[in-house]
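Chain and residue survey
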Amino acid sequence: QLQLVESGGGLVQPGGSLRLSCAASGFTLDYYTIGWFRQAPGKEREGVSCTSSSDGTTYYADSVKGRFTASRDNAKNTVYLQMNSLKPEDTAVYYCAARRDYYCRPPYEYWGQGTQVTVSS
């Protein structure tokens, strides 16, 4: 039973903040590279961030740099995506994904079910 479950999405006004959670079951996230992705209606899925399991370095898409921050709580086996200064173009379904490797590259073996983030006034 290897699962990732996202939560924390919802409706927020432009300029607001949300924190997404991704809880792992059946494996320990310490040993996995974790990526956050998003897909807007009619758009291709895009990478948001990736935290390498080798040294914990996080890489961010240019569109979210300075606004989003990835983190983790090892005791809770959960990773987070803090999303600040949200814009309407951030509206999408957000997914977390994990792979048993050091590198931020596909394929990701495990995917969450997604959580909807809607930024609108």
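The model shown is predicted, which means the values in this text are computed figures rather than measured ones.

Taken as a whole, this structure holds five salt bridges when the rule is applied. As a salt-bridge pair, arginine 38 and glutamate 46 come within 2.7 Å of each other at their nearest N and O atoms. Taking the shortest distance from any N to any O, the salt bridge between lysine 65 and aspartate 62 comes out at 3.1 Å. Three or more residues are tied together by salt bridges with common partners; here these are Arg38, Glu46, Arg67 and Asp90.

Our focus in this paragraph is the sheet that holds strand β8 (residues 78–83). Taking strand neighbours across the sheet as the criterion, the four strands line up as β1-β3-β8-β7 in an open arrangement whose pairing is antiparallel. Edge positions in the open sheet fall to β1 (3–7) and β7 (68–73), since each of these has one partner strand only. Put simply, the sheet's adjacent strands are angled 20° from each other on average, direction ignored. When strand β3 (residues 18–25) meets β8, the two strands line up antiparallel, connected through six bridges. By the bridge assignment for β8, leucine 20 is matched with leucine 81.

Rules used in this analysis
Residues numbered from 1 in each chain as written. Predicted model: local features only at pLDDT ≥ 70, side-chain atom pairs only at ≥ 80, totals over all residues. Heavy atoms only, no water. Salt bridge = Lys/Arg side-chain N within 4 Å of Asp/Glu carboxyl O. Pairing = 2+ DSSP bridges. Helix = DSSP H or I, 4+ residues; strand = E, 2+ residues; numbered from the N terminus. Axes fitted to C-alpha atoms, helices over the stretch in contact; angles between N-to-C directions.

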